[in-house]
Structure formats: structure tokens, C-alpha cells
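Listed below, chain by chain, are the residues.
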Amino acid sequence: MEKVDRAQFLRLGAAGALGAAGAGLVAARPAAAALPAPNPVGDDIGFFGFAVVAELTSRRCYQEALRVEGWAAGVRRNMSSAIKAKGAHIRRINDVLRDGAVRPSDYAVAFPEGSFDTQARALSLAVSFENLLVSTYLYGVSYAQDSSSRLVLGRLMSFDGQLLAWLRALSGGAPVPGLPTPVDTEAGGALLDKYLTIPSFG
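Residues numbered from 1 in each chain as written. Predicted model: local features only at pLDDT ≥ 70, side-chain atom pairs only at ≥ 80, totals over all residues. Heavy atoms only, no water.

**A few points about the overall build of the chain**
So the rule is basically this: Every helix listed is a DSSP run of H or I at least four residues long, and every strand listed is a run of E at least two residues long, numbered separately from the N terminus. Relative accessibility under 20% of the residue-type maximum defines a buried residue, over 50% an exposed one, and the middle range a partly exposed one, all with a 1.4 Å probe and only protein chains included. In what follows, a contact means two residues having at least one pair of non-hydrogen atoms within 4.5 Å. All accessible areas in this document rest on Shrake-Rupley with a 1.4 Å probe, and a residue is counted as covered only by the protein chains that are shown.
A tally of regular secondary structure across the chain gives 6 helices and 3 strands. Each helix (α) and strand (β) of the chain, taken in turn from the N terminus, gives the series β-α-α-α-β-α-α-α-β. The buried share of the chain, taken over its 202 residues, is 47%. The contacts in the chain between residues at least 6 apart in sequence include a share of 82% that link residues at least 24 apart. Of the roughly 9900 Å² that the chain leaves accessible, carbon and sulfur atoms contribute 54%.

Now the structure itself:
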């Protein structure tokens, strides 16, 4: 395994995708079908490149957290629902990336040893990922050029914001401690770097 370079990481979902229009984050409800498809302009594609890798990583976190013993049935249901929803979000983000779509096999996730030894540690890691997602989506909503892309990022931020509030409450903290601080994809990529590796071949 080799460490992912931050620029390399952000390019994982960008190859051949500049200027491409995708299907967007479209829910199954008929009313959502009328939402405009995103048409990323210039650096906008970087937000989606970050989003797909970050969502894949957070989804893996929930999958590992489910292995921890002792969760109440309701907690397990919510985590399973989050895994399913994030899977759908990943597919829709990859629709935007088109030829630059990121597959789970493109990289590996290596969580710190002991991350899932207890419920408290699993929750702490999940909170950190959701906080990163919300903060980076907030930056995207503020600075993406394409309005339809901002809409997709805003919907993702809303979903992950709800998950973040639930996780914080489950951890015994304040569900809404204050306004989130925007984080750009460069800083967000730096925070994710330590969890990502690229498989070595040959």
C-alpha cells in the first residue's frame, strides 16, 4: 500500500470529467425528478471528487461500526439506513463524475488501530467524518459556480447534518453545538489523507 497524495486523491474522481453533466443527487420521489442536473464548471468538479471519496470512507466507517457489539436495535437500524443512503449518494455523485467515477477498489481505507474497540470510539470517528463532510459541503455550497451543483451539495450537507446531530446526541454531546465552519477541499483532503491508501500492483 502507498499513501495517497492529496492532489492525487482529489483527481481520483476528476479524470476526463471536466465540464461533464451528470444525473445528480435525485431522490426516488417523483417531485425530486424535476430537479436540475448538475453541470460542474471549472473547479466545481473537485467538490464531487472529494464528496465521493469522503462518502465512501464514511460509509466504510458505519459498516465497521455495525460490528461493534451492544448497539440498541434502533441504533443499528439507523446505521444500516445510513449505509444504504450513502451507497445511493455515491452512485449519484459518480453519475456527475462520469468517466472520473471512483470505485471502492480504487483505494483502501485504513482506520487507526482500536477505532472500533468500543462504541465510544466508533461514534467519535463517525462524528469526525460527518463533521468533515458537513463543513466541506458548506464550502462547496458557498463557492461552487454552478447553481445546480450547489443544490446537490446542499442536499448532501442537509443529510449529513442530520446524521451528525444524531451521532452527537448518541455520544452524549450537544446535537447542535454551533455554526459549522467551512472547510475547503484542500484542507478536507489533508484530513482524509491519513485514512487512505492506494493498492500497490506488480
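Structure shown, so let's carry the discussion forward.
**A short note on the pattern of salt bridges**
Worth spelling out the cut-off: Each reported salt bridge corresponds to a side-chain nitrogen of Lys or Arg within 4 Å of a carboxyl oxygen of Asp or Glu.
As enumerated under the stated definition, the model contains 6 salt bridges in all. For Asp106, the salt bridge goes to Arg103, with nearest N and O atoms at 3.1 Å. Each of the salt bridges in this network shares a partner with another, and the network as a whole consists of Glu55, Lys86, Glu130 and Asp160.

**Regarding the packing of aromatic side chains**
Selection criterion: Each Phe, Tyr or Trp ring (for Trp, its six-membered ring) is paired with any other whose centre lies within 6.5 Å, and the angle between the two planes then decides the class: stacked below 30 degrees, edge-to-face above 60, tilted in between.
Under the defined criterion, the tally for this structure stands at 6 aromatic pairs. Pairing Phe111 with Phe129 gives two aromatic rings, centres 6.1 Å apart and planes at 70°, and the pair type is edge-to-face. Here Phe129 lies in helix α4 (residues 119-143) and Phe111 lies in the loop between β2 (108-109) and α4, a separation of 18 residues in the sequence. Taken as a pair, Phe111 and Phe129 share a single burial class, namely buried. With centroids separated by 4.6 Å and ring planes inclined at 40°, the aromatic side chains of Tyr139 and Tyr143 adopt a geometry described as tilted. Pair noted here: Tyr139 and Tyr143 are both in helix α4, with a separation of 4 residues, about one helical turn.

**Regarding the side chain of Arg168**
Which entries qualify depends on this criterion: In this charge count, Lys and Arg are treated as positive and Asp and Glu as negative; neither His nor the chain ends contribute.
Among the structural elements, Arg168 can be located in helix α5 (residues 147-170). Despite its burial, Arg168 pairs with no opposite charge; the closest candidate is Glu130, at 10 Å N-O. Arg168 has contacts with Val127, Asn131, Gly173, Ala174, Pro175 and Pro177, leaving out every residue within four places of it along the chain.

**Here's the deal with the environment of Ala85**
Looking at the element boundaries, Ala85 is found in helix α3 (residues 73-97). Spatially, the C-alpha atom of Ala85 lies 9.2 Å from that of Arg59, the residues being 26 residues apart in sequence.

**Comments concerning the environment of Ser135**
Position of Ser135 among the secondary structure elements: in helix α4. Sequence-wise, Ser135 and Thr185 are 50 residues apart; in three dimensions their C-alpha atoms are separated by 9.8 Å.

**Details of the packing of α3 against α5**
Rule in force here: The axes are straight lines fitted to the C-alpha atoms, using for helices just the contacting stretch, and the angles between their N-to-C directions are given from 0 to 180°. For classification, angles of less than 35 degrees are called roughly parallel, those exceeding 145 degrees roughly antiparallel, those between 65 and 115 degrees roughly perpendicular, and all remaining angles oblique. Left-handed describes a crossing whose near helix is turned anticlockwise from the far helix by less than a right angle; the clockwise case is right-handed. When residues are sorted by character, Ala, Val, Leu, Ile, Met, Phe, Trp, Tyr, Cys and Pro go into the nonpolar class, Asp, Glu, Lys and Arg into the charged class, and all the rest, Gly among them, into the polar class.
The geometry of α3 relative to α5 is characterised by a closest axis approach of 12 Å and an angle of 160° between their N-to-C directions. Relative to α5, the element α3 lies roughly antiparallel. For the crossing formed where α3 meets α5, the hand is left-handed. For the pair α3 and α5, contact is made by Val75, Asn78, Met79, Ala82, Ala85, Lys86, His89 and Ile93 and by Leu156, Phe159, Asp160, Leu163, Trp166 and Leu170, respectively. Here the contact of α3 with α5 is built from residues that sort into 10 nonpolar, 2 polar and 2 charged.

**Some thoughts on the nonpolar core**
Heads up, the rule is: To qualify as a nonpolar core, a set must consist of buried Ala, Val, Leu, Ile, Met, Phe, Trp, Tyr and Cys residues joined through side-chain atoms within 4.5 Å.
Within the largest apolar cluster, 49 residues are counted, with the highest numbers of intra-cluster contacts made by Val52, Tyr62, Met79, Phe111, Phe116 and Leu192. For this core, the elements supplying multiple residues, two or more each, are α2 (44-65), α3, α4 and α5. In terms of residue count, the dominant contributor to this core is α2 (12 residues). Excluding residues within four positions of it along the chain, Tyr62 makes contact with Met79, Ala82, Ile83, Lys86, Ala126, Glu130, Leu163 and Leu167.

**Some words on the packing of α4 against α5**
At a minimum axis distance of 8 Å, the contact between α4 and α5 shows a crossing angle of 155°. Considering the angle they form, α4 stands roughly antiparallel to α5. Considering only the axes of α4 and α5, their crossing is left-handed. Along its contact with α4, which presents Leu123, Ala126, Val127, Glu130, Asn131, Leu133, Val134, Tyr137, Leu138, Gly140 and Val141, the element α5 presents Arg150, Leu153, Gly154, Leu156, Met157, Asp160, Gly161, Leu163, Leu164, Leu167, Arg168 and Leu170. Grouping the amino acids of the contact of α4 with α5 by side-chain chemistry returns 15 nonpolar, 4 polar and 4 charged.

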